[in-house]
Amino acid sequence: MQVEQGWITDARQVISPHCDNRPDDEKPSLLVIHNISLPPGKFGGPYIDQLFTGTLNPLDDPFFEQIHQLRVAAHCLIRRDGEIVQYVPFDKRAWHAGVSSWQGRERCNDFSIGIELEGTDLEPFTEAQYQSLLKVSDLILRHYPVNTQHITGHSDIAPGRKTDPGPHFDWSRYLNGLKGNDVEQSMP
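For clarity, every value in this text was computed on a predicted model and none was experimentally measured.

**With respect to the sheet that holds strand β12 (residues 151–153)**
No. 1: In space, the six strands of this open sheet follow the order β3-β7-β6-β11-β5-β12, with mixed pairing throughout. Strands with a single pairing partner mark the edges of an open sheet, and in this sheet they are β3 (12–13) and β12.
No. 2: Here three bridges tie strand β6 (residues 76–78) to strand β7 (residues 84–86), and the two strands are oriented antiparallel to one another. Directly across from C76, in β7, lies its bridge partner Q86.

Below you can see the structure in the form of structure tokens.
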């Protein structure tokens, strides 16, 4: 697995319009972990791709009436079976974090990469998801000025507004699984 022009070579590409240039071509220095399921609590299906590409049909589920007009996308999604889907190249600003702040700096989309895990706050993630997340994260750590001190959850950059990746995300397992991770690291 490699990064070429901001794209992961082995990922399925679904190009999202919900992105733009980073300010002053800033390099990403923060990695944000999210979770998503559409409809809520249901896995599989085309709906995350549709949300991130602006093609979600509000008639497909009552919940979609609330969200179909959102202009949102993460850089990547890791499905329950470990499949990696990439929507936005890493050198572009994906619209994943919303109103957010990290260590006193506002607008985290400007300087972050967002990875969604298909899941909810209510259940554990799969072994395949952790394995794919580790591969993608190691790739990001090698190619961008992100380190293990700058990996966090959506809940930490948007407290009170967001709860993901949720209490079932195993931060210790994830951070300890990263290649070349720092021995003294802080977990969110």
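**Topic: the layout of surface pockets**
No. 1: Here the largest pocket defines a volume of roughly 580 Å³.
No. 2: Together, 28 residues line the largest pocket, and N35, I36, E116, K162 and D164 are the ones closest to its centre.
No. 3: Looking at the lining of the largest pocket, the element that brings in the most residues is strand β5 (residues 30–36), giving three residues.
No. 4: Here the residues of the lining of the largest pocket sort into 11 nonpolar, 11 polar and six charged.

**Section: the pairing of strand β11 (residues 112–118)**
No. 1: The element β11 is largely enclosed, with a buried count of seven among its seven residues.
No. 2: Residues of β11 alternate between two faces, with S112, G114, E116 and E118 on one and I113, I115 and L117 on the opposite face, all of them buried.
No. 3: With seven bridges joining them, β5 and β11 adopt parallel strand pairing. Bridge pairing in β11 places L31 opposite I113.

**Regarding the side chain of S132**
No. 1: Considering the arrangement of structural elements, one finds S132 in helix α3 (residues 127–143).
No. 2: Residue S132 is classed as buried on the basis of its relative accessible area of 9%.
No. 3: When residues no more than four places from it in sequence are discounted, the contact partners of S132 are I78, G82 and I84.

**As for the nonpolar core**
No. 1: Within the largest apolar cluster, 28 residues are counted, with the highest numbers of intra-cluster contacts made by L31, I33, I115, I140, I151, F169 and Y174.
No. 2: The set of elements that each furnish at least two residues to this core consists of β5, β6, β11, α3 and α5 (171–177).
No. 3: If you tally residues by element for this core, the top one is α3, at seven residues.
No. 4: The next biggest cluster of nonpolar side chains, apart from the first, holds 17 residues, and it includes V14, L56, I67 and A73.

**Description of the environment of L77**
No. 1: By secondary structure assignment, the location of L77 is in strand β6.
No. 2: What makes L77 buried here is its relative accessible area of 0%.
No. 3: Separated by 39 residues in the primary sequence, L77 and L38 have C-alpha atoms spaced 13 Å apart.
No. 4: The contacts of L77, once residues within four sequence positions are left out, are I36, I48, E83, I84, V85, Y87, E116, L117 and E118.

Cut-offs used in this document
Residues numbered from 1 in each chain as written. Predicted model: local features only at pLDDT ≥ 70, side-chain atom pairs only at ≥ 80, totals over all residues. Heavy atoms only, no water. Pairing = 2+ DSSP bridges. Helix = DSSP H or I, 4+ residues; strand = E, 2+ residues; numbered from the N terminus. 1 Å grid on protein atoms, 1.4 Å probe; cavity = no way out; pocket = protein on both sides within 12 Å on 5 of 7 lines; lining within 4 Å. Points joined across faces, edges and corners; volume = space filled by probe spheres on them. Nonpolar A, V, L, I, M, F, W, Y, C, P; charged D, E, K, R; others polar. Buried < 20%, exposed > 50% of the residue type's maximum accessible area, 1.4 Å probe, protein only. Contact = heavy atoms within 4.5 Å. Core = buried A, V, L, I, M, F, W, Y, C linked by side-chain atoms within 4.5 Å.

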